[in-house]
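Chain residues, written in single-letter form:
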Amino acid sequence: MDFLAVERGLVYLANMGPRVLLGVSGSIAAYKAVEIARLLQKGGAEVEVCLTRGALAFVTPLTFEAITRAPVRTEVLGTDGGEIAHVEQAHAVDLILVAPASANVLARLAAGFADDALTATILATRAPLLLAPAMETGMWENPATTDNVARLVARGAQILGPGEGALASGRSGRGRMLEPAEIVEQVFGALGPRDFAGREVLVTAGPTWEPLDPVRILSNRSTGAMGIEIAAAAARRGGQVNLVLGPTHLVPPSHPGLKVVRVETALQMLAAAEAALRKNSVVIGTAAVSDFRPAAARPQKLKRSDPAAAQLALAENPDVLATLGTKLGEGGLLVGFAAETEDVEAHALGKLKKKGCHLIIANQVGSAQGFGPGETKVVALDDVGGRAAFGPASKTKVAQFVLDQVARVGKQRSG
Ligand SMILES: Cc1cc2nc3c(=O)[nH]c(=O)nc-3n(C[C@H](O)[C@H](O)[C@H](O)COP(=O)(O)O)c2cc1C
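How each quantity is defined
- Residues numbered from 1 in each chain as written.
- Predicted model: local features only at pLDDT ≥ 70, side-chain atom pairs only at ≥ 80, totals over all residues.
- Heavy atoms only, no water.
- Near = heavy atom within 4 Å.
- Polar contact = N/O pair within 3.5 Å; in protein donor to acceptor, adjacent residues only side chain to side chain.
- Areas by Shrake-Rupley, 256 points an atom, 1.4 Å probe, with all protein chains shown as cover.
- Helix = DSSP H or I, 4+ residues; strand = E, 2+ residues; numbered from the N terminus.
- Axes fitted to C-alpha atoms, helices over the stretch in contact; angles between N-to-C directions.
- Parallel < 35°, antiparallel > 145°, perpendicular 65-115°, else oblique.
- Left-handed = near helix turned anticlockwise from the far one by under 90°.
- Contact = heavy atoms within 4.5 Å.
- Nonpolar A, V, L, I, M, F, W, Y, C, P; charged D, E, K, R; others polar.
- Pairing = 2+ DSSP bridges.
- Patch = residues over 30% accessible without salt bridge, like charges linked within 9 Å, V, L, I, M, F, W, Y side chains within 5 Å.
- Salt bridge = Lys/Arg side-chain N within 4 Å of Asp/Glu carboxyl O.
- Buried < 20%, exposed > 50% of the residue type's maximum accessible area, 1.4 Å probe, protein only.
- Expected span 1.5 Å × (residues − 1).
- Arc of directions from axis to C-beta.

Describing the site of the ligand
Here is step 1: Neighbouring the ligand are 16 residues, the closest being G26, T52, A103, N104 and A134.
Here is step 2: The separation between an oxygen atom of the ligand and a polar main-chain atom of A103 is 2.6 Å.
Here is step 3: A134 places a polar main-chain atom, nitrogen or oxygen, 2.7 Å from a nitrogen atom of the ligand.
Here is step 4: Relative to its free-state accessible area of 640 Å², the ligand is covered by the protein chains to the extent of 63%.
Here is step 5: Element by element, the count of residues in the shell around the ligand is highest for helix α4 (residues 103–111), at 4 residues.

Brief notes about the packing of α4 against helix α7 (residues 143–154)
Axis angle and axis distance: for two packed helices, these are the angle between their axes and the distance between the axes, and together they describe the pair.
Here is step 1: At their nearest, the axes of α4 and α7 sit 9 Å apart, and the two run at 50 degrees to each other. By the angle class used here, α4 and α7 are oblique. Handedness of the crossing formed by α4 with α7: left-handed. Residues A103, L106, A107, L109, A110 and A111 of α4 form the contact with α7, whose participating residues are T145, N148, V149, R151 and L152.
Here is step 2: Class assignment for the residues of the contact of α4 with α7 results in 8 nonpolar, 2 polar and 1 charged.

Overview of the sheet that holds strand β18 (residues 333–340)
Here is step 1: In spatial order, the strands read β14-β13-β10-β15-β18-β19-β20-β21; together these 8 strands make up an open sheet with mixed pairing. Both outer strands of the open sheet, β14 (258–262) and β21 (387–393), are each paired with one neighbouring strand and no more. Each strand axis lies, on average, 15 degrees off the axis of its neighbour in the sheet, ignoring direction.
Here is step 2: Both strand β20 (residues 376–382) and β21 contribute to a ladder of 5 bridges, which runs antiparallel.

Topic: a nonpolar patch on the surface
Here is step 1: Where nonpolar side chains cluster on the molecular surface, the patch consists of F292, L312 and L314 and spans about 270 Å² of accessible area.
Here is step 2: Secondary-structure assignment places F292 in strand β16 (residues 292–294).

Observations regarding the pattern of salt bridges
Here is step 1: Counting across every chain of the model gives 17 salt bridges.
Here is step 2: The partner of D404 in a salt bridge is R237, with the nearest N and O atoms 2.8 Å apart. Taken as a pair, D404 in helix α13 (residues 395–414) and R237 in the loop between α9 (225–236) and β13 (240–245) lie far apart in primary sequence, 167 residues in all.
Here is step 3: On the basis of relative accessibility, which here comes to 40%, the residue D404 falls in the partly exposed class.
Here is step 4: The closest approach of N and O atoms between D319 and K355, which form a salt bridge, is 3.0 Å. You can see D319 sitting in the loop between β17 (314–316) and α11 (320–326) and its partner K355 sitting in helix α12 (residues 344–355), a full 36 residues away along the chain.
Here is step 5: Here the salt bridges share partners, and the residues they tie into one network are K32, R176 and E179.

A look at α12
Here is step 1: Taking 1.5 Å of rise per residue, 12 residues should cover 16 Å, and α12 covers 16 Å from first to last C-alpha, within 8% of that figure.
Here is step 2: If you check which residues of α12 are buried, you get V344, A348, L352 and K355. Summarising the axial view, the buried residues of α12 lie within an arc of 90 degrees, below the 170-degree limit, and thus occupy one face. In α12, the exposed positions angled more than 90 degrees off the buried face are occupied by A346, K353 and K354.
Here is step 3: Packing partners of the buried residues in α12 comprise α11, β18, β19 (359–364) and β20.
Here is step 4: G356 sits one or two residues past α12 and shows a positive phi near 70 degrees.

Structure, rendered in C-alpha cells:
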C-alpha cells in the first residue's frame with residue numbers, strides 16, 4: 001500500500017499508521033466491532049483483533065480476519081512461530097481498544113486476570129487502554145461494575161461511554177455502547193499527533209562507561225530514562241527512531257518504529273550515532289556522555305599498591321552532539337539537553353550556541369534530582385530566543401513536551 005490516508009485532519013502514511021489492538025468481548029454489540037475495525041483501518045490504523053471466549057458466541061474470527069487480513073487471537077496458551085504472541089503484541093501496539101467491553105471482561109481486567117489472549121495482552125502492555133462498555137443498565141449500575149470501572153480508571157484506562165438508549169433486551173437505559181464512529185474518533189484522539197511520520201529521529205541516551213581497567217569505570221548517574229521516553233514517544237508519533245543507548249538497567253519498550261543500539265563508551269556512542277545519522281535527521285542528544293576517559297585502560301586490575309593508582313590521567317572524549325551537528329544538512333535539527341546544577345538557563349544558552357543546537361532542553365540536576373524515573377522540570381530554549389517552561393511532570397509527559405517543542409522549531413525553520 002502506498003496511498004496517503006487523510007481523515008479528520010490527521011495524516012497517516014500507509015504502513016506507518018498506528019497499530020491498534022481491537023479486543024471484542026461477549027456482548028450483543030459485538031457485531032458493531034466489525035464496523036469499528038473497518039473505520040479504524042479507513043483512518044489509517046493497522047488493526048489486529050483479539051476475541052474473548054464470550055465473543056466467539058456472537059461473532060467469528062473469520063469476519064475480522066477477512067477485514068484486517070491479520071490472524072485473530074483468542075487463547076493465551078501457545079506460541080506463534082516461537083514468539084510469545086501476547087507479549088509481542090503487547091509491546092508492538094500503540095493502543096488497545098476493547099469494544100464492546102462486557103461486564104465480565106471489565107471484572108477480569110480490574111482483577112488483573114490473564115486467562116485469555118486479550119486480558120494477557122492488556123496485562124503486559126504499556127499502551128493506552130480504551131474501554132467501550134456495553135451491557136444492561138442493571139449490570140452497568142451494579143456496585144461491582146462501578147468498583148471495577150473505578151479501579152481501571154485509577155490505573156489509567158479511558159472509559160468511552162456507555163450511552164443511553166435502546167438495549168438488546170428491549171429495555172431502554174444506560175449501558176448502550178457508543179456508536180462505532182464516535183468510538184473510532186476517540187481512538188484517534190487518544191493516539192495523539194503523528195507529526196513525526198516520515199522523519200528519521202536519532203536519540204542518544206544514558207551514561208557512558210569509560211573503562212579504567214577490566215573492572216572499574218568512569219561514569220555518571222544518568223539512567224537514560226528521559227531519552228528512552230523521548231525515543232518511544234517519537235516512534236509512537238510516527239518517527240523512524242534510532243536510540244543509541246548507554247549502559248542502563250532500563251529496558252526500552254519494543255515498537256516497530258524504534259531500533260535500539262546498545263553501547264558502552266563515548267567513542268562507541270559516537271560511532272553508532274554516526275552510522276544511524278541521516279542529513280535530515282532530528283538528533284536529540286539526551287545522553288550524559290563522559291567528557292573524559294582514562295587515558296589508557298589498564299589490561300589488568302589496578303592494584304592499590306600500584307604507584308599509578310592515585311593518579312588518573314584523562315583523555316578528552318569527542319563532543320558527540322556537536323560532531324553530529326556538523327554532519328547534518330539543512331533539513332536536520334539538533335536538540336541538546338543541558339543538565340546543570342546551577343545557573344541552569346545561562347549555562348544551557350551557552351551550550352546551545354557552542355554546540356550549534358537549534359533547541360536545548362535545560363533541567364536542574366543534583367544528587368537526588370533529575371535522574372531516574374521521577375518527576376522533572378524543564379525549560380526549552382531555542383536559537384531564535386523562544387522560551388517555554390514545563391513541569392514538574394513525569395518523564396513521559398516531559399517527553400511529549402520536548403517533542404512538541406521539536407515539532408514547533410522544525411516548523412519554524414521550514415517555513
Ligand atoms: C444474548 C446475550 C447477550 C449478552 N450481552 C451482554 C452485554 O451486552 N454485556 C455484557 O456485559 N454481557 C452480556 N452477556 C453476557 C456475557 O456474554 C457473559 O458474561 C460472558 O461470560 C462474557 O464473556 P467474555 O468476558 O469472555 O467476553 C450476554 C449474554 C447473552 C446470552
